[in-house]
Amino acid sequence: MTDLLEEIEALEREAAAGLAAADRGELLAAWHGDFLGRRGRLAQLMRRLGEAPAADRARLGRAANEAKRTLEEGFAARQEEVKQRELEAAL
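Residues numbered from 1 in each chain as written. Predicted model: local features only at pLDDT ≥ 70, side-chain atom pairs only at ≥ 80, totals over all residues. Heavy atoms only, no water.

Draft legend 1. Structural detail: helix H4 (residues 54-90). With 37 residues, H4 should cover 54 Å at 1.5 Å per step; its first-to-last C-alpha distance of 53 Å lies within 8% of that length. Among the residues making up H4, those that are buried are Asp56, Leu60, Gly61, Ala64, Ala67, Leu71, Phe75, Arg78 and Val82. The inward-facing, buried residues of H4 contact helix H1 (2-21), helix H2 (25-35) and helix H3 (41-47). (Helix = DSSP H or I, 4+ residues; strand = E, 2+ residues; numbered from the N terminus. Expected span 1.5 Å × (residues − 1). Buried < 20%, exposed > 50% of the residue type's maximum accessible area, 1.4 Å probe, protein only. Contact = heavy atoms within 4.5 Å.)

Structure, rendered in structure tokens:
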């Protein structure tokens, strides 16, 4: 279980760093596909939760869902920032 939990935490840290570096719309779209897309890394990791022991699945599922929620919120905020910056640059 700790392996999957560590993977979730590592993925969340890596995704947060990548999101901070995404400063253009096309980079944000690529980030979204890589981490939050249907075939993204988080989705792949969540599919593996079924392989975990039954006693650990609930805890791992909560951690994965919290990571997903955090990344989705971060993406939405960053998307708005980038959109504003691109709009201001166009003026």
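Draft legend 2. View of the pattern of salt bridges. Applying the stated criterion across every chain yields a total of five salt bridges. Residues Glu26 and Arg24 are paired through a salt bridge, measuring 2.6 Å at the closest nitrogen-oxygen approach. The exposure class assigned to Arg24 is partly exposed, which follows from its relative accessible area of 39%. (Salt bridge = Lys/Arg side-chain N within 4 Å of Asp/Glu carboxyl O.)

Draft legend 3. Molecular detail of the packing of H1 against H2. At a minimum axis separation of 9 Å, H1 and H2 run at an interaxial angle of 170°. By the criterion of interaxial angle, the relationship of H1 to H2 is roughly antiparallel. Contact with H1, carried on its side by Leu11, Glu14, Ala15, Gly18, Leu19 and Ala21, involves Leu27, Leu28, Trp31 and Phe35 of H2 and no other residues of that element. Taken together, the residues of the contact of H1 with H2 break down into eight nonpolar, one polar and one charged. (Axes fitted to C-alpha atoms, helices over the stretch in contact; angles between N-to-C directions. Parallel < 35°, antiparallel > 145°, perpendicular 65-115°, else oblique. Nonpolar A, V, L, I, M, F, W, Y, C, P; charged D, E, K, R; others polar.)

Draft legend 4. Structural view of the nonpolar core. Ranked by size, the top nonpolar core spans twelve residues in total: Leu11, Ala15, Leu19, Ala22, Leu28, Trp31, Phe35, Leu36, Leu42, Leu71, Phe75 and Val82. With residues near it in sequence (within four places) discarded, Ala22 still touches Leu27, Leu28, Arg78 and Val82. Leu4, Ile8, Leu60 and Ala64 belong to the second largest nonpolar core, which has nine residues in total. (Core = buried A, V, L, I, M, F, W, Y, C linked by side-chain atoms within 4.5 Å.)

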